[in-house]
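Okay, here's what each chain looks like letter by letter:
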Amino acid sequence: MNKRTLSFGAMALLCTLGYAQQVQELDEVVVTDSRFELKRENSGKTVIKITSEELDKNQGKSLAEVINTKSGIEIGGSRSNAGQNLGYYIRGGANRQVLVLIDGVQVTDPSAINNDFDLRLVDLSQIESIEIVKGAASTLYGNAAATAVISITTKKASDKPLAATFRSSIGTNQSRDDKNYNPADFSNSVGVSGTSGKVTYRAGFAQQYTDGLSAAASGTERDPFSRFNTDVKIGYQATERFSVAVFGNYDKYKADIDGFSPIDFSFTDTDDQSISTQYRAGIAPRFDYGNGSVRASVAYNKIERETIAEYSSEYNANSLVVDVYNKYNFNDRFYTIVGLNYIRNEAGFDGDKDFSITDPYANVVWVSGFGLNMNAGARLNNHSDYGTHFTYNLNPSFTFKLEENRYLKALGSFSTSYIAPNLSQLYGFYGANPDLDPEEDRTLEGGLEFGSKMFRLSALYFNRNEENRIDYLLIDPENYVYQYRNVSGDFTVHGVETELSLKPVDFIRLDANYTFTEKKDEVTLRIPKHKINATAGFDVCPDTFVSVSYQYMDDRLDAGGIAMDSFSVFDAYISHTILNNKMKLFANVSNIFNEDYVELVGYTTRGRNVRLGFSLMF
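It should be emphasised that the depicted structure is a prediction, and the values quoted were computed from it without experimental measurement.

A grouping of V199, V232, I234, Y236, V246, I283, V298, Y300 and L320 is seen on the molecular surface, where their side chains present a nonpolar patch of about 680 Å² in accessible area. Broken down by secondary-structure element, the contributors of at least two residues to the nonpolar patch are strand 13 (225-237) and strand 16 (292-308). Looking at the nonpolar patch element by element, the count peaks at three residues for strand 13. As for its placement among the helices and strands, V246 is situated in strand 14 (residues 242-260). On the basis of relative accessibility, which here comes to 38%, the residue V246 falls in the partly exposed class.

Let us now look at the pairing of strand 34 (residues 583-590). Here strand 33 (residues 567-578) runs beside strand 34; their pairing, made up of seven bridges, is antiparallel. Directly across from H576, in strand 34, lies its bridge partner L585. The hairpin turn running from strand 33 into strand 34, its antiparallel successor, is four residues long, and L579 in that turn takes a positive phi close to 55 degrees. Summarising the sheet, strand 34 and strand 35 (residues 609-617) pair through eight bridges and their orientation is antiparallel. Counted as the bridge partner of S590 is N609 from strand 35.

Glancing now at the sheet that holds strand 7 (residues 105-107). The strand order across the open sheet formed by five strands is 3-8-9-6-7, and the pairing between neighbours is mixed. The sheet is open, and its two edges are formed by strand 3 (48-50) and strand 7, each paired on a single side. Each strand axis lies, on average, 25 degrees off the axis of its neighbour in the sheet, ignoring direction. Note: strand 3 against strand 8 (residues 127-134), three bridges, orientation antiparallel. For I48, the partnering residue across the bridge sits in strand 8 and is I132.

Counting residues in hydrophobic clusters, the biggest one holds 31 residues, and the most contacted among them are L63 and I150. For this core, the secondary-structure elements that each account for two or more residues are strand 3, helix 3 (63-67), strand 4 (73-76), strand 5 (87-90), strand 6 (98-102), strand 8, strand 9 (148-154) and strand 14. Of the residues forming this core, the biggest block, four residues, is contributed by helix 3. When near neighbours in sequence (up to four residues on either side) are disregarded, I150 contacts I67, I90, V98, L99, V100, L101, I130, E131 and I132. Of all hydrophobic cores here, the second largest spans 15 residues; its members include A137, Y141, V149 and Y361.

This paragraph deals with a negative patch on the surface. Side chains of E440, E467, D490 and D521 sit close together on the surface and give a patch of like negative charge. Looking at where D521 falls in the secondary structure, it is placed in the loop between strand 28 (508-519) and strand 29 (530-541). Judged by its relative accessible area of 43%, D521 is partly exposed.

Reading the values: rules and limits
Residues numbered from 1 in each chain as written. Predicted model: local features only at pLDDT ≥ 70, side-chain atom pairs only at ≥ 80, totals over all residues. Heavy atoms only, no water. Patch = residues over 30% accessible without salt bridge, like charges linked within 9 Å, V, L, I, M, F, W, Y side chains within 5 Å. Areas by Shrake-Rupley, 256 points an atom, 1.4 Å probe, with all protein chains shown as cover. Salt bridge = Lys/Arg side-chain N within 4 Å of Asp/Glu carboxyl O. Helix = DSSP H or I, 4+ residues; strand = E, 2+ residues; numbered from the N terminus. Buried < 20%, exposed > 50% of the residue type's maximum accessible area, 1.4 Å probe, protein only. Pairing = 2+ DSSP bridges. Axes fitted to C-alpha atoms, helices over the stretch in contact; angles between N-to-C directions. Core = buried A, V, L, I, M, F, W, Y, C linked by side-chain atoms within 4.5 Å. Contact = heavy atoms within 4.5 Å. Lys, Arg positive; Asp, Glu negative; His and termini not counted. Charge placed at Lys NZ, Arg CZ, Asp CG, Glu CD.

Here is the structure:
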């Protein structure tokens, strides 16, 4: 471990505590852990919330880069070439254990090895906010919600009859050894929205083209990445109580990738490509009554993927997701939700293969008048191939009210999750095994949170256990035959997550987090034992904002036991508004000191890069 850089990060985290006596407002509401809008002090989880303001200050970055700054999370590949495959290493887990929601609807790729959703398909300009709940969350969200739920809320329509936003940026995309600073990264987006009587509407378009880097560290040819996004959403408020919304999305990216030489099997420049296209459409009616509401969402998602290489492959998959639930609020003390979730996944392998899941579920939140809060629920998973499986969660917390609107919250959680084998593992082209059993996970958490409307400091211990894990194993060494198998025994990951947010004075905002992650039963690959993120933001004048960010990554191992050294990276950002706050100009510099490090063995890592851009709102 690099003790100097770790000490610096720890000092930065501790020094900010000295400002706690003069803080300004930091109050917020969270939703994802209960599906109800609750004050953070009444939530039994340490929910990560990424607001529209924070997203606006990250214009030009990828969704993976933004998420990668949060506690307990490591997104492998987010520092590499834009087309790099992403690894979701949350709380020591993997992609198959992370569930992504878009506007409350589960999104996956049934043809993918991990049945996961590819975050490269989403442009940041489409997003209003993000909430992340870590730990097992299958009770509310079903299959695969084992280490985290990433809940993405897309942009909403403006209250004005017509509003428009234009965003554009241009930047470099170079490695540490390239110091030419040639423009190679171009991002543009436009969004139009408004309200006319009972109708709301929004339409958006985004485009990205990135060039300049080879995917392979040993390569010399450039591997560009391009993405195209369109989204349309229309809402109709039929009566005071009944409303309905329809939406449609088209997202596509094409990435040049490198592969293995047919001569010596070394990883090098090749002409391979990866192309992925997503079509999404759905409808979401809502009926409000008294203190309750009945809501539904019906969404259809189609994925087309193609890999062009010496051994090319094509994948086609689709999913239908239906979620119907009733929410009721008993005088802001007792909240209930009862629902039914249906999912049908289909993918083409040796013929079309499919399965369906039908889950009734219920969840209850009690906010007492004396500090005790309880979030509890259960789900009965009914899988067409694997029968029924029961998951549940129990999440008590107790809030001690202190002087000057401060509080101290003690929280605990015990929750379970369920991961059924996906279609690729059961019927796919590589190592399929129709005799797999489902994986079962459980998460135990305990921690403290101290805060007010202006200040928040939390520390949490988690312990996660996996049984019947599905892994890709070598079963015939002589003929190099691999197959998906359930691994006998169980595996445990534990760790600590701390977070700090405060505003010592009106014009300064400080955020920092530290994560310790350790696997007890096996060697950890690509996951740091220690990780630190810190950001200091300054409103230097009413129209100008400046921030400096820091990230420390501990030593890691990659495949084959190859060691990767620790590293520290500093970024800077500045923005200035003009034209009565209608136009914002910005610039950022990533990896200011051009740190030399390896994120993934054999792949190129980005060096110092610069980006300039603007946003214009009408």
